[in-house]
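What follows is each chain in one-letter form.
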Amino acid sequence: MRIWVCVLDPFDEIKIAKEILESLTNVAPNLHELQTILQNIQQSIKGKKFLLILDDVREENSAKWEQLKDCLQCGSSGSRTLVTTRKEIAANAIGCIDIYRIGQLSAEDSWLLFSQIAFFGWSNGERGPFEDIGKKIVSRCKGLPLAVKTLGSLLFTKKSKTEWQTIMDSEVWELENAEVDIFPHLWLSYNDLSPPLRQCFSYCAIFSRDHLIIKEKLIKSWMAHGYLKETSRKDMERIGEEYFQNLASRSFFQDINIDKFSYISYTCKMHDIVHDFAQYIRRDECFSMEVCSSVELNIHRCRNLEKLPLGIGKLVNLRHLHNFASELLPLPKEIRKLSCLRTLEWVYVGDDREAFSLGDLESLNLLQGLLVLEGLGNVGNINGAKQAQLKKKKGINTMHFTFDGEEGDWRISHDEQLLEVLEPPPNLEFLDILHYEGTVFPSWIMSLTNLKRIVLDDFNNCEKLPPLGKLPFLERLGLWSMKRLKMLGVEFLGIETSSQHGISSADAAFPKLTSLVLGSLEEWEEWDDGMNTNGEEDITNFIILPCLCSLSIWDCPKLELETLTDYLLRKMSEFEDCLKKEERREKAKQISNL
């Protein structure tokens, strides 16, 4: 069992115990008495081996650790507690048996690290005149990696020896105050920032140590506090992005990661020393946010919220309304007045004239990111859908169309007309269409050449698919519950046929696709991939699915084994209810032999 706890200052034994228990059980404990929490910890680790990391310990009073230490005695032999600290007296207070003192970087390693950052992209001729002064600056970092990285990032932006000499001669190096004697390299980098950037950095003092910072939320907080000033060429979100990248390039942020699902959101952390520095800067300050300047009312997953106030239209500066999965039906019509909105994640678009409708999207051309339109099956006014002008909302990169509503034969024509006029912006990257009753696809779908993911789910009447194999950047495709689909042919791959010239094609079908999921296709019987049964290409110079890593087929009971070529079978990663029972064993044998 592995547990990691960042020990905050001031020391709070109840908080530490709750974090240990949460790590053990994966559930945040609703407990407030220390003894009760410790008893639960004992029950979780009794007779089990564990590794507990207590990170950045500063508490020097040994008495405060006694109850927690006693609680941990019931683990099995081989259990260990590892403590990290900058104070040896704190290690002794907690009762550490073995102390490992982490050494500093050698002069050679310090110079190597500094050179990789400060001289990145420089030629040997360019860096030569700066090396002597650079080595003197590195010597003042005393082998501390963070200091080397911070100064390397700072000097990377300085292209004259005079600027480097100014850093070398700064009075900051002479600071003797015990509170700031480890900060000189940070002071130098901080003083080089513009005043707005200084505000944005020091704001991060509000986070607890080791806090996982979400970039998008951080930028919106900067906006709400008035740190980002919009210009005629750049909106606040763009400026905030540039500020974040500037601070990250100076090593004020670390462990920066991109969200693998959305491809957008980043998370990061602050080094403990950088965090302490931010708190030192803000030590004598307090700050507040006025309600009237709020730029973000987040009601994500507020499932018990019944409605928004009718006066929401007065929040004319509101830029972000996070309402995904709030189950709020419907939205008030006043939202159409919020022309500054960048985020409106979910809209129920029924036919209630008193509520927010498709046509009310007309004035919200600054929307960005995700937009879910639900209830499209009940929309009666096609002209209102035209009025929405989704194509103009170029900041939207993800759209979900959900056609749930009343059933009937009328839905076929209705859904086809409605989807045709709901043309998304041309740079759309992610598209989901659910519960569609039409028989044909909209004419615009193949014009969305930037699409990275498509999910088509619960289509009752479609028998053919568009040539999705032609989309050049499509990475993930899911086809689920398409009830009348009987065949995937060469047209689906984007292979064009001609009675005069035979078969012609582009160089590759689905050139970037890495994941393909085909599920609950009840009538699907055959897949013609343009290859013969030996997996050899029938078409000269044609490649299908060259990047495919995962092919999942499940709940397709009419799919016949002989329709799948060896090439496709090699790509398959998951099999479930694809074939008739008597065929499964033979198919499994063939797969094992490939």
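Please refer to the structure higher up on the page.
Because the structure is predicted, anything quoted here is derived from the model rather than measured.

Cut-offs applied
- The numbers attached to residues start from 1 for each chain and follow its sequence in the written order.
- Residues qualify for local features only when their pLDDT is at least 70, as the model is predicted, and side-chain atom pairs are given and counted only at 80 or more; totals for whole chains, interfaces and linings, by contrast, use all residues.
- Here the side-chain values reflect all heavy atoms present in the structure, with hydrogen atoms and water set aside.
- What counts as a helix is a DSSP run of H or I of at least four residues, what counts as a strand is a run of E of at least two, and both are numbered from the N terminus.
- Exposure is judged per residue with a 1.4 Å probe applied to protein chains only, and the accessible area is read against the type maximum: over 50% gives exposed, under 20% gives buried, and values in between give partly exposed.
- Residue contacts follow a heavy-atom distance rule, with two residues in contact if any of their heavy atoms lie within 4.5 Å.
- Note that the arc is computed from the directions linking the helix axis to the C-beta atoms.
- Working definition: a ring pair exists when centres of Phe, Tyr or Trp rings (six-membered ring for Trp) sit within 6.5 Å. Plane angles under 30 degrees give stacked, over 60 give edge-to-face, the rest tilted.
- Whether a charge lies above a ring is judged from NZ of Lys or CZ of Arg, which has to be within 6 Å of the ring centre and within 35 degrees of the ring normal.
- For two strands to be treated as a pair, DSSP must find at least two bridges joining them.
- With strands facing away from the observer, any crossover in which the path from the first strand over the helix to the second runs clockwise is taken as right-handed.
- Here, axes are lines fitted to C-alpha atoms. For helices the fit covers the stretch in contact, and angles between N-to-C directions go from 0 to 180 degrees.
- Nonpolar cores were defined as sets of buried Ala, Val, Leu, Ile, Met, Phe, Trp, Tyr and Cys residues, with membership established by side-chain atoms within 4.5 Å.
- An angle below 35 degrees is read as roughly parallel, one above 145 as roughly antiparallel, one from 65 to 115 as roughly perpendicular, and any other as oblique.
- Each crossing gets its hand from how the near helix is turned against the far one by less than a right angle, where anticlockwise is left-handed and clockwise is right-handed.
- Under the scheme applied, nonpolar residues are Ala, Val, Leu, Ile, Met, Phe, Trp, Tyr, Cys and Pro; charged residues are Asp, Glu, Lys and Arg; polar residues are all the others, including Gly.

*Asks:* Tell me about the overall build of the chain, and name the residues and values.
*Replies:* In terms of regular secondary structure, the chain is built from 19 helices and 23 strands. Expressed as a percentage of the 594 residues in the chain, the buried residues total 45%.

*Asks:* Account for helix 11 (residues 195-203), naming residues and giving values.
*Replies:* Among the residues making up helix 11, those that are buried are Leu-197, Cys-200, Phe-201, Ser-202 and Tyr-203. Tucked into the core, helix 11 has its buried residues touching helix 10 (184-191), helix 12 (215-224), helix 13 (236-249) and helix 14 (272-281).

*Asks:* Go over helix 7 (residues 131-139), please, and point to the residues and values.
*Replies:* The periodicity of an α-helix, 3.6 residues per turn, causes residues three or four places apart in sequence to face the same way. Among all positions of helix 7, only Ile-133, Gly-134, Ile-137 and Val-138 are buried. Taken around the axis of helix 7, the buried residues stretch over an arc of 140°, which confines them to a single face. Away from the buried face of helix 7 by more than 90 degrees, exposed residues Asp-132 and Ser-139 are located. Looking at the buried positions of helix 7, the neighbouring elements they touch are helix 5 (107-118), helix 8 (145-156) and helix 9 (161-168).

*Asks:* Residue-level account of the packing of aromatic side chains, with values.
*Replies:* Evaluated as defined, the whole model comprises 26 aromatic pairs. A centroid spacing of 6.3 Å and a plane angle of 90° characterise the contact between Trp-187 and Tyr-280, whose relative ring orientation is edge-to-face. On the criterion of sequence distance, the pair formed by Trp-187 in helix 10 and Tyr-280 in helix 14 is long-range, its members being 93 residues apart. Just as Trp-187 is buried, Tyr-280 falls in that class too. On the basis of an interplanar angle of 55° and a centroid distance of 5.3 Å, the ring pair of Tyr-436 and Phe-459 is categorised as tilted. Of the two residues, Tyr-436 is situated in the loop between strand 12 (430-434) and strand 13 (453-459) and Phe-459 in strand 13; the sequence distance between them amounts to 23 residues. Under the relative-accessibility criterion, Tyr-436 is labelled buried at 1%. You can call Phe-459 buried: its relative accessible area is 0%. For Lys-159, the ring lying beneath its charged end belongs to Phe-156, and the centroid distance is 4.8 Å. One Lys or Arg, Lys-215, reaches over the ring of Phe-244 and ends 5.9 Å from the middle of that ring.

*Asks:* Could you give an account of the environment of Leu-568, with specific residues and numbers?
*Replies:* As for its placement among the helices and strands, Leu-568 is situated in helix 18 (residues 566-571). Judged by relative accessible area, which is 0%, Leu-568 ranks as buried. As for Leu-568 and Ile-544, which are separated by 24 residues in sequence, their C-alpha atoms are 9.6 Å apart.

*Asks:* Please provide a residue-by-residue account of the pairing of strand 2 (residues 51-57), values included.
*Replies:* A large share of strand 2 lies buried, amounting to 6 of its 7 residues. Bridge count between strand 1 (residues 2-6) and strand 2: 5 bridges; the pairing is parallel. Looking at strand 2, one finds that Arg-2 is bridged to Leu-51. As paired elements, strand 2 and strand 3 (residues 80-85) share 5 bridges and run parallel to each other. For Leu-52, the partnering residue across the bridge sits in strand 3 and is Thr-81. Handedness of the strand 2-helix 3 (residues 66-71)-strand 3 crossover: right-handed.

*Asks:* I'd like a description of the sheet that holds strand 2, backed by residues and values.
*Replies:* Spatially, 3 strands are ordered 1-2-3 in an open sheet, and the strand pairing comes out parallel. Strands with a single pairing partner mark the edges of an open sheet, and in this sheet they are strand 1 and strand 3. The average undirected angle you get between the axes of adjacent strands in this sheet is 15°.

*Asks:* Describe the sheet that holds strand 6 (residues 266-269), naming the residues involved and giving the relevant values.
*Replies:* Spatially, 3 strands are ordered 4-6-5 in an open sheet, and the strand pairing comes out antiparallel. The open sheet has two free edges, formed respectively by strand 4 (213-214) and strand 5 (254-258), since each of these has just one partner strand.

*Asks:* Tell me about the environment of Gly-408, residues and numbers included.
*Replies:* Mapped onto the elements of the fold, Gly-408 is located in the loop between strand 11 (395-402) and helix 16 (410-421). With a relative accessible area of 33%, Gly-408 lands in the partly exposed category. With 29 residues separating them along the chain, Gly-408 and Glu-437 place their C-alpha atoms 9.2 Å apart.

*Asks:* If you had to explain the environment of Phe-356 to someone new, which residues and values would you point to?
*Replies:* Within the secondary structure, Phe-356 is located in the loop between strand 9 (346-348) and strand 10 (368-374). Since its relative accessible area comes to 1%, Phe-356 is described here as buried. Each C-alpha atom of the pair Phe-356 and Pro-332 lies 5.4 Å from the other, and the pair is 24 residues apart in sequence. Aside from chain neighbours lying at most four places away, what touches Phe-356 is Leu-331, Pro-332, Lys-333, Ile-335, Arg-336, Leu-344, Val-347, Tyr-348, Leu-361 and Leu-364.

*Asks:* Residue-level account of the nonpolar core, with values.
*Replies:* Judged by nonpolar contacts, the single largest core of 76 residues is most densely connected at Leu-373 and Phe-401. With sequence-adjacent residues up to four places away left out, Leu-373 is seen in contact with Val-347, Val-349, Leu-358, Leu-361, Leu-390, Met-399, His-400, Phe-401 and Thr-402. If you look at the next biggest cluster of nonpolar residues, it comprises 57 residues, including Trp-111, Val-138, Trp-173 and Ile-273.

*Asks:* So, the side chain of Lys-158: which residues are in play, and what are the values?
*Replies:* The topology assignment puts Lys-158 in the loop between helix 8 and helix 9. Lys-158 has contacts with Trp-122, Glu-163, Trp-164 and Asp-192, leaving out every residue within four places of it along the chain.

*Asks:* If you had to explain the packing of helix 1 (residues 13-25) against helix 2 (residues 34-45) to someone new, which residues and values would you point to?
*Replies:* With their axes 9 Å apart at the nearest point, helix 1 and helix 2 run at an angle of 30° to one another. Between helix 1 and helix 2, the interaxial angle falls into the category roughly parallel. The two elements helix 1 and helix 2 meet at a crossing, and its hand is left-handed. Of the residues in helix 2, those touching helix 1 at Glu-13, Ile-14, Ala-17, Lys-18, Ile-20, Leu-21, Leu-24 and Thr-25 are Leu-34, Ile-37, Leu-38, Asn-40, Ile-41, Ser-44 and Ile-45. Partitioned by chemical class, the residues of the contact of helix 1 with helix 2 number 10 nonpolar, 3 polar and 2 charged.

Everything listed is a geometric property; what it means functionally is a separate question.
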